Amino acid sequence: MHRKSLWMLVCGLLCLPLVAASAQNSGKAADAAGHQWWQNAVFYEVYPRSFADSNNDGVGDLNGITSKLDYLKKLGVDAIWISPCFPSPQKDFGYDVSDYENVDPMYGTLADFDRLAKEAKKRGIHIILDFVVNHTSDQHKWFLDSKSSRTAEHRDWYIWRDGKGPDQPPNNWVSDFGGPAWTFDPTTNQYYYHFFEAAQPDLNWRNPAVKDAMFDVERWWLKRGVSGFRLDAVDTLFEDPDLNDNPIERPGKNALGDPIEENKYNDNLPEVHDVLRGLRKIADEYDGVLIGETWTDDIVALNRYYGDGNNELQLPMDFLFATVNKLSPAEFRKQIAAVDAASGWPTFVISNHDIVRSYDRYGDGAHNDQIAKVMAGLYLTLRGTPIMYYGEEIGMTTTPPTRKEDVKDPLGITGWPEEKGRDGERTPMQWNENENAGFSKATPWLPVPPSYKTHNVADESKDPDSVLSFYKKVLKLRHTNPALLDGSYVPLNENDQNVLAYLRVYKDQAVLVALNMSGTEQTASFDLSKKGFSGVKSLVATEKAEAKGETVTLGPFGVFIGQLAK
């Protein structure tokens, strides 16, 4: 979901990384090195509406994903995170679920899902579902019953309150999609609460019946063969039962025209962690993984999501890393060091369906392909689990609508023109130069960007210098090099303002990673002999990137990855 939180810089570190402890508390099937399957895996988010359309109706589907499994396997993907494909009125494109135990007809059937899971398993690819735990659609049978009367069976499954007075909501809470977080329902003359869109009423997780029902949904899909879940909007599961007003964070209005509030009483409440421990206990029974959409302000808060003894989320996403939003070695060092010292296994992500694509956020407009390789060289070589976003590997751009009448995202409809929404990062996957980029023979649900003529899978697969070819090289190396799989993270030359460099050290081996984050040629010298290593051998390097002795020369936005030996 879209979040308007503001992030502070990391100011303190707690705990040392305990990889073995993480593995011991992660369920079953640790490998010889003590890792769970998800620790050495590469995850790949698929936005199903936009990935591949098998029946040519303009909308992607499950059979389309199945048809691209060989591509994903060859790319180096071990797990697919599928954004919500459950039945939904599509007010928020699947994040408004009306039935948790089925597939929306636009995406196919349960039989199609089973086929996808079966074919993925043949290729060693895990399926991860996006589990919307905070809210349902207002068309879910639970809510339809809840709103029918004040004495309905499911009334207390949602949060209903009287207003403060005539035409006055219960408090000042603001929806993340604009306007009050309360909607009046005349059927029972009460307001219901929704952190997000009015069509997404929040579940009442203080009701044990809600907890039991959602835990049953988790079991239902795990039994069906999924390997885990990305948990949507986990921060917002609980609200202050006294409904205290949120304090105003600062004067002015946000992009949606609302007061700028601090979500003190309806975000990141401590009860969230009780639910996560329950979800984790069930996941562990099936060797499943839980990924968290965790919007945290600092590493202390991130650590809480791992839980005491790593008994909550295995992979809470660190958006402090994802939102550095500039090529700054100093800022990346700070974020990497913080996450590397966290109490659980690191997770790295630079794009997703709610964030402007990394190609645009880091690109300078002239060297975007080179910069895309720098970012790949960074987050795919760190200690931890990377989560890719579809199209990132070919350099897809963010292409927002230029007219309000073309906007599909409810966030953009409400906030136009200051807030254009998230359509721009959800455009169809660019497979080739054919009509509609090979996504569909019908008119796609979102326009295909003009960049498909220069950035697509077919053409880039033939070009050894393309962004896609670079991703494939780094991902192949990541899967086979012991230092990249299991090595520790050792920062180098920490005062260098242009080159981000580090070692991944495993036993008597090491990999040197040097990334030029500037548009000019850079030379970096490393005291490798003092660390007991010598003899740099190039593994993956961009043009004009080379090593001589303990010195690496990098062209503008150059990448050098080399093997060291004792």
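What you see is a predicted model; the values in this text were computed from it and never measured. (Residues numbered from 1 in each chain as written. Predicted model: local features only at pLDDT ≥ 70, side-chain atom pairs only at ≥ 80, totals over all residues. Heavy atoms only, no water.)

### Some words on the UniProt feature "domain: Glycosyl hydrolase family 13 catalytic" (unreviewed entry) in the protein chain
Working step 1: UniProt feature "domain: Glycosyl hydrolase family 13 catalytic" (unreviewed entry): in the numbering of this structure it lies at residues 45-426.
Working step 2: With 29% helix and 13% strand, residues 45-426 has its two end C-alpha atoms placed 11 Å apart. (UniProt positions renumbered as here; feature names shortened; annotations may be inferred. Helix = DSSP H or I, 4+ residues; strand = E, 2+ residues; numbered from the N terminus.)

### Quick notes on the pairing of strand β10 (residues 289-292)
Working step 1: Of the two faces of β10, both are covered, the one formed by Val289 and Ile291 as well as the one formed by Leu290 and Gly292.
Working step 2: Both strand β7 (residues 228-232) and β10 contribute to a ladder of four bridges, which runs parallel. The residue bridging leucine 231 from the neighbouring strand is glycine 292, located in β10.
Working step 3: Direction of pairing for β10 relative to strand β11 (residues 315-316): parallel, over a ladder of two bridges. (Buried < 20%, exposed > 50% of the residue type's maximum accessible area, 1.4 Å probe, protein only. Pairing = 2+ DSSP bridges.)

### Some words on the nonpolar core
Working step 1: Counting 119 residues, the largest nonpolar core has Tyr44 and Leu378 as the members making the most contacts within it.
Working step 2: Counting 18 residues, the second-largest nonpolar core is a separate cluster that includes Trp38, Trp295, Met317 and Trp345. (Core = buried A, V, L, I, M, F, W, Y, C linked by side-chain atoms within 4.5 Å.)

### Some remarks on the pattern of salt bridges
Working step 1: Under the defined criterion, the tally for this structure stands at 25 salt bridges.
Working step 2: A salt bridge links arginine 206 to glutamate 271, with the shortest nitrogen-to-oxygen separation between them at 3.1 Å. One end of the pair, arginine 206, is in the loop between β6 (190-193) and α6 (208-224); the other, glutamate 271, is in the loop between β9 (259-261) and α7 (272-285), and 65 residues separate them in sequence.
Working step 3: The exposure class assigned to arginine 206 is partly exposed, which follows from its relative accessible area of 35%.
Working step 4: We note a salt bridge from arginine 426 to aspartate 354, for which the minimum N-O separation is 3.1 Å. On the criterion of sequence distance, the pair formed by arginine 426 in the loop between α13 (410-415) and α14 (457-462) and aspartate 354 in the loop between β12 (347-349) and α11 (358-362) is long-range, its members being 72 residues apart. (Salt bridge = Lys/Arg side-chain N within 4 Å of Asp/Glu carboxyl O.)

### A word on helix α15 (residues 467-480)
Working step 1: For α15, spanning 14 residues, the distance from its first C-alpha to its last is 20 Å, which sits close to the expected 20 Å at 1.5 Å a residue.
Working step 2: Among the residues making up α15, those that are buried are Val467, Leu468, Ser469, Phe470, Tyr471, Val474, Leu475, Leu477 and Arg478. (Expected span 1.5 Å × (residues − 1).)

### A closer look at the environment of glycine 344
Working step 1: Its location among the elements puts glycine 344 in the loop between α10 (329-340) and β12.
Working step 2: According to the relative accessible area criterion, glycine 344 is buried, its value standing at 5%.
Working step 3: Separated by 40 residues in sequence, glycine 344 and glycine 384 have C-alpha atoms that sit 9.6 Å apart.
Working step 4: Excluding residues that lie within four positions of it along the chain, glycine 344 makes contacts with Tyr306 and Asn310. (Contact = heavy atoms within 4.5 Å.)

### Structural notes on the packing of α6 against α7
Working step 1: Put simply, α6 and α7 touch, their axes get as near as 10 Å, and they point 25° apart. By the angle class used here, α6 and α7 are roughly parallel. Our pair here, α6 against α7, has a crossing hand that is right-handed. Residues Phe215, Glu218, Arg219 and Leu222 of α6 pack against Val275, Gly278, Leu279, Ile282 and Ala283 of α7.
Working step 2: For the contact of α6 with α7, a count of residues per class yields six nonpolar, one polar and two charged. (Axes fitted to C-alpha atoms, helices over the stretch in contact; angles between N-to-C directions. Parallel < 35°, antiparallel > 145°, perpendicular 65-115°, else oblique. Left-handed = near helix turned anticlockwise from the far one by under 90°. Nonpolar A, V, L, I, M, F, W, Y, C, P; charged D, E, K, R; others polar.)

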